[in-house]
Structures are given as structure tokens and as C-alpha cells.
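What follows is the residue order along each chain.
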Amino acid sequence: MRCIRIEEFDNIDEAVVLIKMEDEPTISLAEKFIDMVDESLKTIVLYVSGKKSLPALLCMGAADLVYINKNTELCIKKEEIGLINDKFLSVLSGIMNRYILTDLIYTNRTISAEDALRLGMANSIAGYSEILARFKKIDNPPFAVKLLKRIMSINSGLKEKDARFVERMAFALSFCSSDQKEGMRAFLEKRKPEFKGR
Amino acid sequence: MSRIYARKSGKIGWIYVYHNKLPNPVSIKTLESLTYAFEKLSEVDAIILTGVGKSFLSGANIADMLNFNYSEAWRFSACNERLSDTIKQCRALTIAAVNGYCFGGANDIALACDLRVAKADAVFGHTGAKIGILTGWGGTYLLGKSIGTKKAYELFFSAKPINAQKALELGLVNKVFDSEHFYGELKQFVQRCLSRVKEGRGILNKIRLIS
């Protein structure tokens, strides 16, 4: 696991990346981040704190796991509304329903950390040191976790029947990985697996 | 293999999964038997799927899966399709009564049911990441729809088990019942559901189609 700032996201080898977002990124950086996350098989963990607006919301939508500080407040500024294109809408719809999004745009609503958690926009409210400690303990994930990320992203836009088909392909593919053999052998031998990510 | 017992009690059908040594593992044969049991109980108003002993169901037997190749893994995943379709097409309201451990693909089977209730000491876990696989019976879709993709990803990624209370908070289960009075409270719950079954029947199949 590696901890970085969002600007450093490119060229990271680790399978799990923790990004601490203190400052609001620019909209162009958020867009670049969305594209990179979309193409990446890494698990992207985002930690957000303080007052944030559209760019941070986009990064939250793109990340795999989102943890927030209790002081987090989320909104969409008036001048950001015109920047919301189809791609951004698709990302935002991954973390909020259309009613919340309409609320953010038209009523200038601010979402508190508790609300963000309740609405499913974040995984939990925690201090950065707690999240850092939690992810430092995480071992290299297996190849199947890389597949999982893509499958969940693809499946969110599919009908159940098609989603099951896609999942089945990924499930079968995971049996072609050395990590599946290692994981199951380790389980049967009651030892910790050593995954290689392939 | 796990044995499947089905019985009818008035308007309620009960399906029990039992294994005398292991925590009710699910094999292809088990899935076929479960499908048959759901089909056979087609005339009841509610079907309750539960386990006997300390487990609801667990996923597949790891020793059986270790040397699966791509085709065998594909077939294993595909064989749950018929069970899911049968549950979805059931005339009856389907309820997964999670009485204990519910691991791996067992979660996917529970999510195929209309409602899920849990015993207070039940434990849920999608532990595939620990053994190098992902779930293969619809869970990546169903769990995401049930609790949201970020929380679903966290459960898959961490592979950490959660207790019944956490499952309730996440929205994975609809109710948690006291361990000592589980089946009594379950029966009362099902009777309450049955009091609305006539009104609900028309819309049940439509609800099942909502993605």
C-alpha cells in the first residue's frame, strides 16, 4: 500500500493506493483522476476532509473506497454547475441518486459527513491515522480483486442477467490465476496466503 | 453433500439445508436440489430457506474447487442461474432465514430471495478475496444494488466477516431476531408478511424486475 497526494497518482506500482485529499483539486485534475482510475486495476482509497465541492465529489465517485473526516462538508458551487457534463453526471450518479444531486445543484445544499455516510457516498467516518493504520496492514490483494473492481464498475450499468454473465466470466477467469491456487491451498493448509496479484 | 429437506406447513414452505459434518456447503448437487425444492413448493404463499445447525449455508467446498479450470469454474457459476431464476419466478414470497454462518456464495443465494432475516449471532462474510477468487453467483451485482457499490466493494475487498447488527445497518438484512427465540420471531414475522400477501402478490414480480 502507498500513500500519496492526488497529483502523484500516475506511475504508482502498488496494488492499493491511499490518497489523502486535503486541498480541493482542480476540475481538470479531477477529470484526469476519473480517467486514470477507470483504466486502473489498483484499489483506490480516498480520504477526504474539510469543505469540498464538485472536483472532490467527482474523485469520491471515481474512487473504490472513500473515508471521510467528521468535519467534511460537501456541496456544489454555483459556478461549478455549468461544468457538469455527461461524464461527470455518470460519475456522480455512482455515489448519489438524482434527488440528492438535484438538491445539491438547486438548493445549495451542503452534505455533512454523517449525511454522506448515510447516503452511501462514503464507507465510514474516521481519522486519517486510523485509515492509514488500517490499510498499512493490508496485504497484497489477489488477482481476483483487480477483476472485482472492473466487474462492479461494468455491472452497475447492466441488467441482472447480463451482469451475472459478466461476473461468471470473471469468476472463471480467476481460476486461471496463480493467486486462486495459492489462496485455496493456503486455506486448506491453514496458513496465510502470499498473493502475487496474477 | 448437504441434504435438502422441504416441508409444507399451512401456507408456508420450509427448505432446510443440512450437512452432518461441514457448515452446509453448496455443491452443484445442492443447487439442483434447492431448485427442485423451490419448484415443488410452488403452491405456498411464503418459502423460508434456512440452515440446520450453526450455519445457514457456506460457499462451495474449497477442496472441490481447488483444481477447477476455466470451464469447470464457468459451469459451477452457471449452475446457480437456474436456482436464481426459480426463486425469482416463485409465486411465493421468498425469505432467507440466516440462522448462523453465511459465507461466500451463500450470500448470493440469500440476496436472490425477496427478504433476509438473521439470527442475532449470525455472521456474514464474502471471503473470496482471501482464497483468491471473487463471488460467482450474482453477488457483485446483487450486493452492490443492496448496500451500494462502495460498501459492497469494501466487504469483498476486506473479506472481513460482519455480524448481524452490522448487516442490518448496511441494509443487507431486513430484520435481526433474538438468537434464543429466532424461529418463534421468524414465524410471527412471516405471519405479518402473509397478512399482506394478497395485496402484494400482484406487484411482487414487478419488484423483482427492478434493477
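Above this text is the structure in question.
Residues numbered from 1 in each chain as written. Chains lettered and ligands numbered in written order. Predicted model: local features only at pLDDT ≥ 70, side-chain atom pairs only at ≥ 80, totals over all residues. Heavy atoms only, no water.

> Just to check I follow, could you spell out the overall build of chain B for this structure?
In terms of regular secondary structure, chain B is built from nine helices and 10 strands. Since a compact globule built from 211 residues should have a radius of gyration of about 17 Å, the 16 Å found for chain B is in line with a globular shape. Along the first, second and third principal axes, the C-alpha atoms of chain B reach 45 × 35 × 35 Å. Counting every position in chain B, which comprises 211 residues, the buried fraction comes to 57%. Contacts spanning at least 24 positions in sequence make up 72% of the contacts within chain B whose residues lie at least 6 apart. In the form shown here, chain B has an accessible surface area of approximately 9,400 Å², with 52% of it arising from carbon and sulfur atoms. Seen as two clouds, the 28 positive and the 17 negative side-chain charges of chain B have centres 3 Å apart. (Helix = DSSP H or I, 4+ residues; strand = E, 2+ residues; numbered from the N terminus. Rg over C-alpha atoms; globule rule 2.2 N^0.38 Å. Buried < 20%, exposed > 50% of the residue type's maximum accessible area, 1.4 Å probe, protein only. Contact = heavy atoms within 4.5 Å. Areas by Shrake-Rupley, 256 points an atom, 1.4 Å probe, with all protein chains shown as cover. Lys, Arg positive; Asp, Glu negative; His and termini not counted. Charge placed at Lys NZ, Arg CZ, Asp CG, Glu CD.)

> I would appreciate a short explanation of the interface of chain A and chain B in the present structure.
Often the size quoted for an interface is simply the accessible area lost on bringing the parts together. In this assembly, 58 residues from chain A lie in contact with 41 residues from chain B. Of the roughly 4,200 Å² buried at the junction of chain A and chain B (both faces included), carbon and sulfur atoms supply 66%. Sorting the residues of chain A by area buried against chain B places Arg-164, Arg-168 and Phe-171 of chain A first, and these three jointly supply 18% of that buried surface. Between Arg-168 of chain A and Glu-81 of chain B there is a salt bridge; the shortest N-O distance is 2.4 Å. At the surface where chain A touches chain B, the tally comes to 22 residue pairs in polar contact (both at pLDDT 80 or more). Contributing elements (two or more residues each) for the side of chain A that touches chain B: α2 (54-62), β5 (65-68), α6 (128-136), α7 (143-155), α8 (160-174) and α9 (178-188) of chain A. Residues of the side of chain A that touches chain B, tallied by class, amount to 35 nonpolar, 11 polar and 12 charged. (Buried area = accessible area lost by both parts, 1.4 Å probe. Salt bridge = Lys/Arg side-chain N within 4 Å of Asp/Glu carboxyl O. Polar contact = N/O pair within 3.5 Å; in protein donor to acceptor, adjacent residues only side chain to side chain. Nonpolar A, V, L, I, M, F, W, Y, C, P; charged D, E, K, R; others polar.)

> Hey, could you run me through the sheet that holds strand β4 (residues 51-52) of chain A in this one?
Adjacent strands of a sheet pair through backbone hydrogen bonds, lying either parallel or antiparallel. All names here are of chain A. Spatially, three strands are ordered β4-β6-β7 in an open sheet, and the strand pairing comes out mixed. The sheet is open, and its two borders are formed by β4 and β7 (111-112), each paired with just one other strand. Note: β4 against strand β6 (residues 73-74), two bridges, orientation parallel. Bridge pairing in β6 links Lys-52 to Leu-74. (Pairing = 2+ DSSP bridges.)

> Honestly, the packing of aromatic side chains in this entry has me stumped. Any pointers?
The description of two aromatic rings rests on the distance between their centres and on the angle between their planes. Counting across every chain of the model gives 16 aromatic pairs over all chains. With a centroid separation of 5.3 Å and an interplanar angle of 40°, the aromatic rings of Phe-76 of chain B and Trp-137 of chain B are classed as tilted. One end of the pair, Phe-76 of chain B, is in helix α3 (residues 70-89); the other, Trp-137 of chain B, is in the loop between β8 (123-125) and α5 (139-147), with 61 residues separating them in the sequence. In this structure, Phe-76 of chain B and Trp-137 of chain B share a single accessibility class: buried. Linked through ring pairs, Trp-14, Tyr-16, Phe-177, Phe-182, Tyr-183 and Phe-189 of chain B together constitute an aromatic cluster. Directly above the ring of Tyr-128 of chain A sits Lys-20 of chain A, whose terminal nitrogen or CZ lies 4.3 Å from the centroid. Across the ring face of Trp-74 of chain B, the terminal group of Arg-168 of chain A is positioned such that the distance to the ring centre comes to 5.5 Å. (Phe/Tyr/Trp six-rings, centres within 6.5 Å; stacked < 30°, edge-to-face > 60°. Lys NZ or Arg CZ within 6 Å of the ring centre and 35° of its normal.)

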